Amino acid sequence: MAIEVKIPTILRTYTNGEKAVEGKGDTLAALIDDLDANHPGLKGRLITDDGSLHRFVNVYVNDEDVRFTGSLDTALKDGDAVTVLPAVAGG
Amino acid sequence: MLTIDRATHDAIVAHARRDHPDEACGVVAGPAGSDRPARFIPMLNAARSPTFYEFDSADLLQLYKELDANDEEPVVIYHSHTATEAYPSRTDISYASEPNAHYVLVSTRETDVTEFRSFRIVDGVVTEEPVEVVDS
């Protein structure tokens, strides 16, 4: 099963400059593990040491922010579109 | 160096003044690779706070889709400080993740003068740059 994942500029160093890559997984967590196998280091930029999604990034599945759909447990299926964006925030 | 036209500069300052005492935020988009801030896009501060700003996550997605469709990028990312100087805070630095963007800080702490400064923030390193305001 293939899921398209859009990668923001700052993380394209992990994808050879590609704006979008493909991955697979039944959940967002599994997809990120799969992506990390092909693009080592990517996982560390998305997930904190304690295993939760980093607050510096927003991840959307089919335009829904995963914070509202179960975060890393969000279910995925073939053909879903995942977008990663850096949060724009500060103090 | 950030080169910005007078109208866009003034629009950023006006936005910051309007939202004071809350922080104001937004971007100025430009053609990808041009380094030319051309299209002023004020954003809602979803945090509505005098000490924090955050683009709403749905607005952020819409914005990036629009930029992508137009082959644009965020040339300037701006926000205001309403009680402190126009210099990136620790939080600003930790969130900064557009290495090609000019991070513009505006301070509205004084009622009669508005500080307007620009920075590059790359890998946690802040470098201030000159700002040239041009009449277009």
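Above this note sits the structure.
Conventions and cut-offs
- Residues numbered from 1 in each chain as written.
- Chains lettered and ligands numbered in written order.
- Predicted model: local features only at pLDDT ≥ 70, side-chain atom pairs only at ≥ 80, totals over all residues.
- Contact = placed C-beta atoms within 7 Å.
- Helix = DSSP H or I, 4+ residues; strand = E, 2+ residues; numbered from the N terminus.
- Nonpolar A, V, L, I, M, F, W, Y, C, P; charged D, E, K, R; others polar.
- Pairing = 2+ DSSP bridges.
- Buried ≥ 20, exposed ≤ 12 C-beta atoms within 10 Å, placed from the backbone.
- Core = buried A, V, L, I, M, F, W, Y, C linked by C-beta atoms within 7 Å.
- Arc of directions from axis to C-beta.

(A) Here's a closer look at the interface of chain A and chain B. Listed by partner, the interface residues are 15 residues for chain A and 20 residues for chain B. If you tally residues by element for the side of chain A that touches chain B, the top one is strand β5 (residues 81-86) of chain A, at three residues. Among the residues forming the side of chain A that touches chain B, the class breakdown is eight nonpolar, five polar and two charged. Pairing of strand β6 (residues 89-90) of chain A with strand β4 (residues 53-54) of chain B involves two bridges; the strand directions are antiparallel. By the bridge assignment for β4 of chain B, Ala89 of chain A is matched with Glu54 of chain B.

(B) Quick look at the pairing of strand β1 (residues 2-5) of chain B. Residue and element names in this part refer to chain B. Going residue by residue along β1, you find Leu2 and Ile4 tucked away on one face and Thr3 and Asp5 left uncovered on the opposite face. Judged from the four bridges that link them, β1 and strand β9 (residues 131-134) form a sheet pairing that is parallel. Bridging across to β9, Leu2 finds its partner in Val131.

(C) Representation of the sheet that holds strand β2 (residues 20-23) of chain A in the model. Residue and element names in this part refer to chain A. Sheet architecture is open: five strands sit in the order β2-β1-β5-β3-β4, paired in mixed fashion. With one partner strand each, in any of the chains shown, β2 and β4 (64-65) form the two edges of the open sheet. Relative to β2, strand β1 (residues 3-6) runs antiparallel, the two being bridged by four bridges. Residue pairing for β2: Lys6 is matched across the bridge by Ala20.

(D) Summary view of the environment of Leu44 of chain B. Residues and elements named next belong to chain B. As for its placement among the helices and strands, Leu44 is situated in the loop between β3 (39-43) and β4. Separated by 19 residues in sequence, Leu44 and Cys25 have C-alpha atoms that sit 6.8 Å apart. Dropping the residues within four chain positions of it, Leu44 is found in contact with Asp56 and Asp59.

(E) The arrangement of the nonpolar core in detail. Among the nonpolar cores identified, the biggest contains 32 residues, and Val76, Ile77, Tyr78, Tyr103, Val104 and Val106 of chain B are the most heavily contacted of them. Among the elements of the structure, α1 (6-19), β2 (25-31), β3, α2 (57-69), β5 (72-81), β6 (102-107) and β7 (115-122) of chain B are those that each provide at least two residues to this core. Once residues lying within four places of it in the same chain are set aside, the contact partners of Tyr103 of chain B are Ile77, Pro88, Ala96, Ser118, Phe119 and Ile121 of chain B. Listed in part, the 14 residues of the second largest apolar core include Leu35, Leu42, Leu76 and Val82 of chain A.

(F) Up close: helix α1 (residues 28-38) of chain A. For α1 of chain A, the set of buried residues is Leu28, Leu31, Ile32 and Leu35 of chain A. Taken around the axis of α1 of chain A, the buried residues stretch over an arc of 100 degrees, which confines them to a single face.

(G) Unusual backbone geometry, seen in detail. The omega torsion across His20 of chain B and Pro21 of chain B is 10 degrees, close enough to zero to call that bond cis. Inspection of the secondary structure puts Pro21 of chain B in the loop between α1 and β2. If you check the backbone angles, Asp63 of chain A has positive phi at about 75 degrees while not being a glycine. Assignment of secondary structure puts Asp63 of chain A in the loop between β3 (57-61) and β4.

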